[in-house]
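# Structural characterization, general
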Amino acid sequence: MSQTWYSDDMPTQAALTPAGVARIVLRGVPLAINTFGCLALLLLVRLIERPLFGARRPITPYITRYVCRAAFVILGMGYRVEGTPLSGPGAIVANHASWLDIFALNAPQCIYFVSKSEVAGWPGIGWLARATGTIFIKRDRAEAAAQKALFAERLGQGHRLVFFPEGTSTDGRRVLPFRSTLFAAFFEDHLPDDLALQAVTLVYEAPEGEDPRYYGWWGDMTFEGHLVRMLAAPRHGRVRVVFHPPEPVASLRDRKEAAITLEAQVRAPIAAL
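In short, a report on the structure. Keep in mind that what you see is a predicted model, and the values were worked out from it rather than measured.

### Quick notes on helix α6 (residues 223–232)
- Turning to α6, its buried residues are His226, Arg229, Met230, Leu231 and Ala232.
- Buried residues in α6 make contact with α1 (18–53), α2 (60–75) and α3 (100–106).

### Things to note about a nonpolar patch on the surface
- A cluster of nonpolar side chains, Leu16, Val21, Val25, Val29, Ile33 and Val228, forms an exposed patch at the surface whose accessible area comes to about 510 Å².
- The element that contributes the greatest number of residues to the nonpolar patch is α1, accounting for 4 residues.
- Tracing the backbone shows Val25 in helix α1.
- The partly exposed category is assigned to Val25, whose relative accessible area is 47%.

### With respect to the pattern of salt bridges
- All told, the structure shown has 10 salt bridges when counted by the stated rule.
- Its salt-bridge partner being Glu257, residue Arg253 comes within 3.7 Å of it at the nearest N-O pair.
- Between Glu263 and Arg267 there is a salt bridge, with its nearest N and O atoms 2.6 Å apart. Of this pair, Glu263 and Arg267 both sit in helix α7 (residues 255–271), 4 residues apart, which is roughly one turn of that helix.

### A short note on the packing of aromatic side chains
- Counted according to the given criterion, the structure contains 11 aromatic pairs.
- Plain terms: the ring middles of Trp5 and Trp218 are 5.9 Å apart, the flat faces sit at 50° to each other, and that makes the pair tilted. Residue Trp5 is found in the segment before α1, and its partner Trp218 is found in the loop between β6 (196–205) and α6; the two are separated by 213 residues along the sequence. An identical accessibility class is assigned to Trp5 and Trp218; each is buried.
- Here a set of aromatic residues connected by ring pairs shows up, and it is made of Trp99, Phe103, Trp217 and Phe223.
- Cation over ring: Arg154 sits above Tyr112, and NZ or CZ is 5.3 Å from the ring centre.
- Directly above the aromatic system of Tyr214 lies the positively charged group of Arg229, at a separation of 5.2 Å from the ring centroid.

Rules used throughout
Residues numbered from 1 in each chain as written. Predicted model: local features only at pLDDT ≥ 70, side-chain atom pairs only at ≥ 80, totals over all residues. Heavy atoms only, no water. Buried < 20%, exposed > 50% of the residue type's maximum accessible area, 1.4 Å probe, protein only. Helix = DSSP H or I, 4+ residues; strand = E, 2+ residues; numbered from the N terminus. Contact = heavy atoms within 4.5 Å. Patch = residues over 30% accessible without salt bridge, like charges linked within 9 Å, V, L, I, M, F, W, Y side chains within 5 Å. Areas by Shrake-Rupley, 256 points an atom, 1.4 Å probe, with all protein chains shown as cover. Salt bridge = Lys/Arg side-chain N within 4 Å of Asp/Glu carboxyl O. Phe/Tyr/Trp six-rings, centres within 6.5 Å; stacked < 30°, edge-to-face > 60°. Lys NZ or Arg CZ within 6 Å of the ring centre and 35° of its normal.

See below:
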């Protein structure tokens, strides 16, 4: 089971001002139109894509990428990619700091998230996740065999998967120990020989003068409250998406070595802060 990460020192929330309300409208309306308008387009395209290509999605992931890139423009938030995204079969693992991670990781590459099953029922977010091919799993040892089979199926279809091995989000200024459970699926004998795992570090830089944990979403913070704060912000910082060199699965002994190796890579840019 995943456990929510808490901090004894929670950031203070600034009161909402009339200017903040105006920014919520000026950013929120275009963001909603961009997100749900493109969701409708994606579902229409999928009506053609599914009969022609089945589970493969050669077109619709590019709509998702556009939505995510546009979201940062609408928010007025900086976005920078360092390194090269994985191009072959495999999976990406990253630290988890915010719901913004989904946009940051989707913007530069065509990927499919692995998410806890509860997300499927979330209003808005759940709809988007299902439409974009997210894999929903229960963090339960009894489900391990079924999860391995599902991962193998999706990898065989050419999908690159993304998951957060910490199991919960933090304040963005630390990396929790990686759980090795999900890595086991990548060591099955019948998977492609050129399978690779790539570590990605998400480094959020707060607006000048703000708490360094400005973009973190953790503890009892609600999605709605955090979204409103992002929309109302007078200015934004940026997120750096750091792609580390891919690790061939064949070069790793087992899931535990994979978790330790990729955790160290993800941790390095955060430690440098």
